Amino acid sequence: MNKKHLWHPFTPMKAYNAADPLIIERGEGVWLYDVHGRRYYDGFSSVWLNVHGHNVPELNKAITDQLGLVAHSTLLGMANVPAVELAAKLAGIAPPGLSKVFFSDSGAAGVEIALKMAFQYWQNRGRRGKATFISMNGAYHGDTIGAASVGSIPLYRETFLPLLFAPRILPYPYAYRHPEGAEGAKDATLSALRKLLEQEADEIAALIVEPIVQGAGGIVVMPPGCLSGIAALCREYGVLLIADEVATGFGRTGEMFACDLERVSPDLMVVGKGLTGGYLPVAATLATDEVYDSFCGDDERRTTFFHGHSFTGNPLGCAAALASLRLMEERTLVEEVRAKSAFVSQKLAKAAELVHVGDVRQQGLMVGIELVRDKSTKEPFPWADRIGVRAAQRARELGMLTRPLGHVVVFMPPLASTEAELDEMTDILVKAIDDATMGSEWR
């Protein structure tokens, strides 16, 4: 039935259907079990979103309790209790100034909303010339038309280019691939941004960035001071800053939000993935009072934000999010992530020594290991070798699931993973990479 009827996202279906498909039946803690009873560590948090593990009693109870009240009630012109409470909670833990919350059901939708809000903000203020966006090389912000427009990974864009608008593109500070390392990469980004803003600030509505860690571009970690430098330049030149915290939010980087690492308060911030602990599809776009107030004018036809989905602010999802945030506080999970990330860093020192590992990048419990054909020259493997896929396949054989980003192997375990579990997962990761890269054809 899977092969006959189910169309999988971001999956080459011919190759998938020719292979042995993995079908998950249940989860328990950091483990996932397939229909044959085999179990695997969830080494990428079910695409970067699981926080507390699977089948968590506190989250299960929150959803069933809410189910006994109401499963769904629209936010169009009315409210529901969990959505109101979650909006207040998010405003309370977000970077200062982000006091208004607009719900959606995916990170891509949240980005789409942020782009439209930024555009309409300037329209509402009479600055109609400010209609362009700045994004960054290697960016991924989702797959809807607006979100894909501000992405810059060719593989995800090239088919749809006639449908997309063209943002200005800046270099993301990729220290490993920059000839002058971290400082050179940071300086190149900030210099390029200043030059662009000097010339075009009157035409630019907003800059959108994945703060501190760029996800689908290869888990690329910003050098210290780069994010705060970007924020300062946006303020100086009157350009809104959109922080895409879909992947980095809710403790993943060792702070509640990646922006907190450099005390940056954006004008708009998008969250998703870990918001509900990985349980239900809820995302949110947070805005400042200044942005919100521009939508409260007397001319309702011009200033109303005409955007919304049927399941916006779904009570079941909001109840799960509230329970997840309570659990994070009770278990001091953000503080635990810092200690666990230090342990993982020590364990992955072994990976850095492997012949075909060029770079091990980490921020909190976000890890990307870049595989290269030649360590001394940083020459990548040919795309056709599918070296990242081979490493992920070997990890699956050894009992852990992950999904690569090209030649970068991703390790992003549930935040609640114990040190013993992290110990076993990192051992699998290192062995999988060694086995995949040191087979007879690579000797």
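Above this text sits the structure in question.
Rules used throughout
- Residues numbered from 1 in each chain as written.
- Predicted model: local features only at pLDDT ≥ 70, side-chain atom pairs only at ≥ 80, totals over all residues.
- Heavy atoms only, no water.
- Phe/Tyr/Trp six-rings, centres within 6.5 Å; stacked < 30°, edge-to-face > 60°.
- Buried < 20%, exposed > 50% of the residue type's maximum accessible area, 1.4 Å probe, protein only.
- Lys NZ or Arg CZ within 6 Å of the ring centre and 35° of its normal.
- Salt bridge = Lys/Arg side-chain N within 4 Å of Asp/Glu carboxyl O.
- Helix = DSSP H or I, 4+ residues; strand = E, 2+ residues; numbered from the N terminus.
- Polar contact = N/O pair within 3.5 Å; in protein donor to acceptor, adjacent residues only side chain to side chain.
- Contact = heavy atoms within 4.5 Å.

Draft legend 1. Broad picture of the packing of aromatic side chains. In this structure the tally under the stated criterion is nine aromatic pairs. Ring centres 4.8 Å apart and planes at 75° place the aromatic pair tyrosine 121 and tryptophan 122 in the edge-to-face group. Each of the two residues, tyrosine 121 as well as tryptophan 122, counts as buried. Aromatic ring contacts, followed pair by pair, group Phe10, Tyr140 and Tyr156 into a single cluster. Note that lysine 130 overlies the ring of tryptophan 122, its terminal NZ or CZ placed 4.5 Å from the centroid. A cation over an aromatic ring shows up here: lysine 378 above the ring of tyrosine 176, its NZ or CZ 4.5 Å from the ring centre.

Draft legend 2. Representation of the pattern of salt bridges. By the definition in use, this model includes 26 salt bridges. The partner of lysine 89 in a salt bridge is glutamate 329, with the nearest N and O atoms 2.4 Å apart. Remark: glutamate 329 occurs in helix α13 (residues 315–330) and lysine 89 occurs in helix α5 (residues 81–93); sequence separation between them is 240 residues. Aspartate 289 serves as the salt-bridge partner of lysine 100, at 2.6 Å between the closest nitrogen and oxygen. Remark: aspartate 289 occurs in helix α11 (residues 289–293) and lysine 100 occurs in strand β4 (residues 98–104); sequence separation between them is 189 residues.

Draft legend 3. Molecular detail of the side chain of serine 341. Structurally, the position occupied by serine 341 is in helix α14 (residues 333–347). At a separation of 2.8 Å, a polar atom in the side chain of serine 341 contacts the main-chain carbonyl oxygen of arginine 338. Not counting residues up to four positions away in its chain, the partners in contact with serine 341 are Gln362, Gly364 and Leu365.

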